[in-house]
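What follows is each chain in one-letter form.
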Amino acid sequence: MLAPDQPVLRDIVLIGGGHSHVGVLRRFGMHPVPGVRLSVICSDTHTPYSGMLPGYIAGHYSYDEVHIDLSRLARFAGARLFRDDALGLDRGAGKVLCRNRPPVPYDYLSINIGSTPQMSNVAGAAEYAVPVKPINGFNQRWQLLLERVRRHAGATRIAVVGGGAGGVELALAMQYRLRRELHAAGRNPDELRFHLLTSDPVILPTHNASVRRAFERVLAERGVALHCSADVNAVSATRLQTTSGDSVDADEIVWVTRAGGAPWLRATGLALDADGFIQVSDTLQTLTDPRVFAAGDIASMVNHPREKAGVFAVRQGPPLAENLRRAVEGRALKPYCPQRRWLALISTGDRYAVASRGALGFQGAWVWRWKDWIDRRFMRKFGEFPQMEAGTASTAPSSVQLGEEEAAQALSAVAMRCGGCGAKVGATVLSRALGALHPVDRDDVLIGLHAPDDAAVVRVPPGKAMVHTVDFFRAFIDDPYIFGKVAANHALGDIYAMGAEAQSATAIVTVPAGLEAKQEDLLFQMMSGAIEVLNDANCALVGGHTGEGRELALGFAVNGLVDEDMTSVMRKSGMRPGDVLILTKPIGTGTLFAAHALLKARGRWIDAALVSMCQSNRLGAQCLREYGATACTDLTGFGLLGHLVEMTRPSGVDSELNLSALPVLEGAEETAAAGILSSLQPANVRLRRALRNQQDALSHPRYALIFDPQTAGGLLASIPPERAKACLAALHALGYAQASIIGRVLPQGEALEPIVLKLG
Ligand SMILES: Cc1cc2nc3c(=O)[nH]c(=O)nc-3n(C[C@H](O)[C@H](O)[C@H](O)COP(=O)(O)OP(=O)(O)OC[C@H]3O[C@@H](n4cnc5c(N)ncnc54)[C@H](O)[C@@H]3O)c2cc1C
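(A) Focus on the overall build of the protein. Scanning the protein for helices and strands turns up 22 helices and 37 strands. Taking 27 Å as the expected radius of gyration for a compact globule of 760 residues, we find that the protein reaches 29 Å, a close match to that expectation. With the C-alpha coordinates of the protein rotated into their principal frame, the extents come out at 85 × 70 × 50 Å. Of the contacts made within the protein by residues no fewer than 6 positions apart, 77% connect residues no fewer than 24 positions apart. If you sum the accessible surface of the protein, you get close to 31,200 Å²; carbon and sulfur atoms cover 52% of it. Of the side chains in the protein, 77 bear a positive and 75 a negative charge, and the two mean positions are spaced by 6 Å.

The structure is reproduced here in structure tokens:
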């Protein structure tokens, strides 16, 4: 993570990646405000665009066509993406409380989290119905429903509850798709029975009569049974009950009724309306707290009540961005008034749509094509980014409004950067950041962070020998908490690969110069992640050094313990001909993060890579030892081939590497095929001279990946052949889902090159 030339002066935190926030991110990406940092906390990396959701359900669009990749968008905007659920606010301290990470501080906050189904007042609904909202989770629920219908023998009855545009559109889209699915499976599509229930006397109550008639006709033609004035008050596994005593039998129930605000908002003290939505003024500021804004479904504009629709959320993006910018600059905010009438293009599932605006209504296949054109154009804005001129914004003076003390700190941060001198971070910043952390206590730590001194003193227990290792690297992601975890995990990798137990660690940190409060939080977030991992390893953080530098970077010197007689040590040099090669984690981090930097990686690839990087090698190492590993190493910067050569040479053996058997992170083959490779790759490729049949392998899709440098990679071990299968099964059971047998150890041959690639 390269620090901007301006130190961070203000933090704008966005909760939720809804339709308004994606607009805010794009605008800040196009026109950054020097000194202002955006952070997005979102439950998902891929956020759905509601307008295309019915088309996705109907099967007209792929997942990626209807989802905005927040990871790429945030990267374009220079924003940090924290993938997590916000669960509350500490407004006094100006912090967002999250499910899985330390609180995130804000100077200004905006909430765009959509709505939550209100099912608690209908008995059985939460248990038996599939809610459409929140729409971000609907895809998973829809996939499960699809699978159930595919497996369900005989007639399937599906009830959609909710007669608004969402319910009608969804019922028709589902019917279209499911009929085709059954047909493709050689089954009779007429086995499907659809019911649409609404508590209102008519469907589409907010639309004009001609639009209503058009849909009543379509529903009738398509055999969807319409139940108006049907107020569902109870649901069971196979039946819906209405207040008038009627019932409808159903195998699947989909809930698309009016939703409310997320329950956690009630504890925030923000003024909410009767449905739990946040009340906002014309400036989109909450009525309670001018530092907190809200937009989209979750916001209720007290002076301009409107229907809950994605179109309003989209339209609120620009005024929200403008007012957030004005707020940090201390300028007057601009009032915003949403339009009264809006164009709704409601589809019938079969590439046909009805347009509705005020009293107007028209329809046709061309309306669907028009809608498709509008929607695709909208989505392109969030998938194709303009080339920004590097450095244009960051050199401009900041327009952020600062207090006197802050202005002095900002000046000195800039001066420090110009001078290029490294310096220690202030003692108060350090002690405050570290004071909130709790490294594990160990009896063998005689002087550590609990009683800080010039250096730590740690006892080596009798019968033990000490293992030392050090690693240090700069942040390659914008999330300091996750970076802290990965850095600690990476450093511990060497200890585990040796078969050692981690004992103590000292940290070396650089943080960019900036306001004390911002530096303190950065340190706190990063070290929280690191200490979680070290504590998990029962490794005591006993000291460290923190300085200012251009980039955020973190490393650890870690000490571990092995039995003095060295019997438990796993060295690189013990490979024996006949052994089987096992790799515990997938490869591909180098190419994926190179692609991430270029906005070429999909968010879910990066998510999966980070999960893999955060997985500890501790249990894997224990397992490999138990199954008699003859040699072991952890995969890091030299890549798979480099580390394998480091094992074969001292072992006096050759080995065969099966390219098709390599476990590879999702997306890595694509990014490598696109020629996007880590800056370390060329140095690693020099080792191709160790390959006996390099020419044959050049066109193999995984060839480039054997040189790919790894961060916090898995363990590569040689295992006696008779125990390899059981070892692999044990690794899978321990959670190393992609652990694989990737080759075998051969006796040393005549050839100079020790490695043969198996291509089949
Ligand atoms: C089937 C269907 C079709 C629809 N079609 C249309 C249409 O064609 N046109 C239209 O205008 N409207 C349509 N709507 C309405 C539309 O879905 C909503 O009005 C719209 O999604 C609201 O957008 P939003 O930005 O407020 O929130 P959302 O789009 O719901 O986004 C909320 C975001 O917040 C995140 N989030 C939620 N909770 C948290 C948390 N605690 N912490 C962190 N992140 C969180 C989610 O992951 C998500 O990224 C449709 C609705 C349905 C059900």
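(B) Highlighting the packing of helix α13 (residues 480–497) against helix α16 (residues 603–614). At a closest axis distance of 8 Å, the pairing of α13 and α16 adopts a crossing angle of 45°. One element, α13, and the other, α16, form an angle in the oblique class. Contacts from I482, K485, V486 and N489 of α13 reach α16 at L610, M613 and C614. The class makeup of the residues in the contact of α13 with α16 is five nonpolar, one polar and one charged.

(C) Spotlight on helix α10 (residues 365–380). Taking 1.5 Å per residue, 16 residues should reach 22 Å; α10 reaches 23 Å between its end C-alpha atoms and fits that length. By the burial criterion, the buried members of α10 are V367, W368, K371, D372, D375, F378 and M379. Buried residues of α10, viewed axially, fall in a sector of 140°; they line one side.

(D) Quick peek at unusual backbone geometry. If you check the backbone angles, L284 has positive phi at about 70° while not being a glycine. Among the residues examined, L284 registers a relative accessible area of 0% and is labelled buried. A positive phi is found at R351, a non-glycine position, where the angle reads about 60°. Tracing the chain through its elements places R351 in the loop between β23 (344–347) and β24 (353–357).

(E) Structural context of the pairing of strand β31 (residues 553–563). Among the eleven residues of β31, nine are classified as buried, and the element is accordingly described as predominantly covered. Across eleven bridges, the pairing between strand β28 (residues 464–474) and β31 is antiparallel. Within β31, the position partnered with M466 by the bridge is L561. Note: strand β29 (residues 501–511) against β31, nine bridges, orientation antiparallel. Across the sheet, residue S504 finds its bridge partner in β31, namely N559.

(F) Quick look at the site of the ligand. Taken together, 35 residues lie near the ligand, and H19, D44, T47, D297 and V311 sit nearest. For the ligand, an oxygen atom lies 2.7 Å from a polar atom in the side chain of D44. In this structure, D297 approaches the ligand through a main-chain N or O atom, which is 2.7 Å from an oxygen atom. The fraction of the free accessible surface of the ligand (1,000 Å²) that becomes covered by protein chains is 91%. For the shell around the ligand, the residue count by class is 14 nonpolar, 14 polar and seven charged.

(G) Focus on the packing of aromatic side chains. Here the structure, examined in full by the defined rule, presents 13 aromatic pairs. Ring geometry for F473 and F476: centres 6.1 Å apart, planes at 35°, overall tilted. Among the residues examined, F473 registers a relative accessible area of 16% and is labelled buried. On the numbers, 4.9 Å between centres and 85° between planes, the contact of F476 with F593 is edge-to-face. Taken together, the residues F476 in the loop between β28 and α13 and F593 in helix α15 (residues 589–597) connect sequence positions 117 residues apart.

(H) Looking closely at α16. Compared with an ideal rise of 1.5 Å per residue, which puts twelve residues at 16 Å, α16 spans 16 Å between its outermost C-alpha atoms and is within 8% of the ideal. Within the sequence span of α16, burial applies to G603, W605, I606, D607, A609, L610, S612 and M613.

Criteria and thresholds
- Residues numbered from 1 in each chain as written.
- Predicted model: local features only at pLDDT ≥ 70, side-chain atom pairs only at ≥ 80, totals over all residues.
- Heavy atoms only, no water.
- Helix = DSSP H or I, 4+ residues; strand = E, 2+ residues; numbered from the N terminus.
- Rg over C-alpha atoms; globule rule 2.2 N^0.38 Å.
- Contact = heavy atoms within 4.5 Å.
- Areas by Shrake-Rupley, 256 points an atom, 1.4 Å probe, with all protein chains shown as cover.
- Lys, Arg positive; Asp, Glu negative; His and termini not counted.
- Charge placed at Lys NZ, Arg CZ, Asp CG, Glu CD.
- Axes fitted to C-alpha atoms, helices over the stretch in contact; angles between N-to-C directions.
- Parallel < 35°, antiparallel > 145°, perpendicular 65-115°, else oblique.
- Nonpolar A, V, L, I, M, F, W, Y, C, P; charged D, E, K, R; others polar.
- Expected span 1.5 Å × (residues − 1).
- Buried < 20%, exposed > 50% of the residue type's maximum accessible area, 1.4 Å probe, protein only.
- Arc of directions from axis to C-beta.
- Pairing = 2+ DSSP bridges.
- Near = heavy atom within 4 Å.
- Polar contact = N/O pair within 3.5 Å; in protein donor to acceptor, adjacent residues only side chain to side chain.
- Phe/Tyr/Trp six-rings, centres within 6.5 Å; stacked < 30°, edge-to-face > 60°.

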